[in-house]
Amino acid sequence: MSKLLKLGKNTAFDKLTWQRRTAVIRLFEGKTLKEISQEVRCHINTVENWKSMPEFQKAQNEYSIYALSNLLPDAISELSKLIKSGKSEMVRLQAVQTVMKHANLLSDNSTPELDKAKARKASAEADIAEWKRNELTGDNSNRESTTLVDDIGGTSDDDH
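Rules and cut-offs
Residues numbered from 1 in each chain as written. Predicted model: local features only at pLDDT ≥ 70, side-chain atom pairs only at ≥ 80, totals over all residues. Heavy atoms only, no water. Helix = DSSP H or I, 4+ residues; strand = E, 2+ residues; numbered from the N terminus. Buried < 20%, exposed > 50% of the residue type's maximum accessible area, 1.4 Å probe, protein only. Areas by Shrake-Rupley, 256 points an atom, 1.4 Å probe, with all protein chains shown as cover. Core = buried A, V, L, I, M, F, W, Y, C linked by side-chain atoms within 4.5 Å. Contact = heavy atoms within 4.5 Å. Phe/Tyr/Trp six-rings, centres within 6.5 Å; stacked < 30°, edge-to-face > 60°. Expected span 1.5 Å × (residues − 1). Bend = angle between axes of the 7 residues up to and from the residue. Axes fitted to C-alpha atoms, helices over the stretch in contact; angles between N-to-C directions. Parallel < 35°, antiparallel > 145°, perpendicular 65-115°, else oblique. Left-handed = near helix turned anticlockwise from the far one by under 90°. Patch = residues over 30% accessible without salt bridge, like charges linked within 9 Å, V, L, I, M, F, W, Y side chains within 5 Å. Salt bridge = Lys/Arg side-chain N within 4 Å of Asp/Glu carboxyl O.

(A) Representation of the overall build of the chain. Within the chain, the regular secondary structure consists of seven helices and two strands. For the chain, the sequential pattern of α-helices and β-strands runs α-α-α-α-α-α-α-β-β. Here the chain, with 160 residues, has 16% of them falling under the buried criterion. Carbon and sulfur atoms form 53% of the exposed surface of the chain, whose accessible area is close to 12,400 Å².

Here it is as structure tokens:
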């Protein structure tokens, strides 16, 4: 987990001019470049140029971490309320999934059915790999005929 940064002396944000600090904050708030350029009294292209500067980008990252860290306790509290007393089952489920995803306990596209299918696929691939190894080493020679079924339903017979 990254260390939360407190804005203050010796940060990239602190080293910016008041105009650039204001631009960082307003960009975080979702203001347009036109709105920002008017507020800080500079040309819109100037703000666009600031955005490409490494020290400005670092200051943006610092400010984002600072601003979001202040909201984190409220966000967790709201998610907890939704999990416990959301108005619908779907709202409660989405809150649980959000918490689990951010705790790295659930992938973005994971469902119980998908997880079972992935496990079946991995097991089948392991069986096929073992069969191929046995074919190469001759360990399948004393066994009965083996039939492999492909993904589209056709069959392939082993001719030993």
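(B) Spotlight on the nonpolar core. Judged by nonpolar contacts, the single largest core of 15 residues is most densely connected at Val24, Ile36, Trp50, Phe56 and Ala59. Every element with two or more residues in this core is listed here: helix 1 (12-15), helix 2 (18-28), helix 3 (33-40), helix 4 (44-51) and helix 5 (54-85). No other element matches the four residues that helix 5 contributes to this core. Leaving out residues up to four positions away in the same chain, Val24 has contacts with Phe13, Leu16, Phe56, Ala59, Gln60 and Tyr63.

(C) Looking closely at the packing of aromatic side chains. Following the criterion strictly, the structure yields four aromatic pairs and no others. Measuring from ring centre to ring centre gives 5.4 Å for Phe28 and Tyr63, while their planes differ by 80°; the resulting arrangement is edge-to-face. A residue pair is termed long-range when its members are at least 10 positions apart, and Phe28 in helix 2 and Tyr63 in helix 5 qualify at 35 residues. For the pair Trp50 and Phe56, a centre-to-centre distance of 6.3 Å together with 35° between the ring planes defines the contact as tilted. With relative accessibility at 6%, the residue Trp50 sits in the buried group. Accessibility expressed as a relative area gives 1% for Phe56, which makes it buried. Taken together, the ring pairs in this structure connect Phe13, Phe28, Tyr63 and Tyr66 into an aromatic cluster.

(D) Representation of helix 5 in the model. Its 32 residues give helix 5 an end-to-end C-alpha distance of 45 Å, which sits within 8% of 46 Å, the value for a rise of 1.5 Å per residue. When the local axis directions of helix 5 are compared, the greatest deviation, roughly 40°, occurs at Leu72, which is followed within four positions by the proline Pro73. Looking at helix 5, one finds that the buried residues are Phe56, Ala59, Glu62, Tyr63, Ala67 and Ser69.

(E) View of the packing of helix 5 against helix 6 (residues 89-102). Helix 6 packs onto helix 5 with a crossing angle of 135° between their chain directions and a minimal axis gap of 8 Å. What the angle tells us is that helix 5 and helix 6 run oblique. Between helix 5 and helix 6 the crossing geometry is left-handed. Facing Leu79, Leu82 and Ile83 of helix 5, the residues of helix 6 in contact are Val91, Arg92, Ala95, Val96, Thr98 and Val99.

(F) Local environment of a nonpolar patch on the surface. A contiguous nonpolar surface patch, about 270 Å² in accessible area, is contributed by Phe28, Leu68 and Leu71. Looking at where Leu71 falls in the secondary structure, it is placed in helix 5. Judged by relative accessible area, Leu71 falls into the partly exposed class, the value being 47%.

(G) A look at the pattern of salt bridges. Here the structure, examined in full by the defined rule, presents four salt bridges. As a salt-bridge pair, Arg26 and Glu29 come within 3.3 Å of each other at their nearest N and O atoms. Salt-bridge contacts for Lys81 lead to Glu78; the nearest nitrogen and oxygen are separated by 3.4 Å. On the criterion of helical spacing, the pair formed by Lys81 and Glu78 is a turn pair, its members being three residues apart in helix 5. The partly exposed category is assigned to Glu78, whose relative accessible area is 44%. Several salt bridges share partner residues, and in doing so they unite Arg26, Glu29 and Glu39 into one network.

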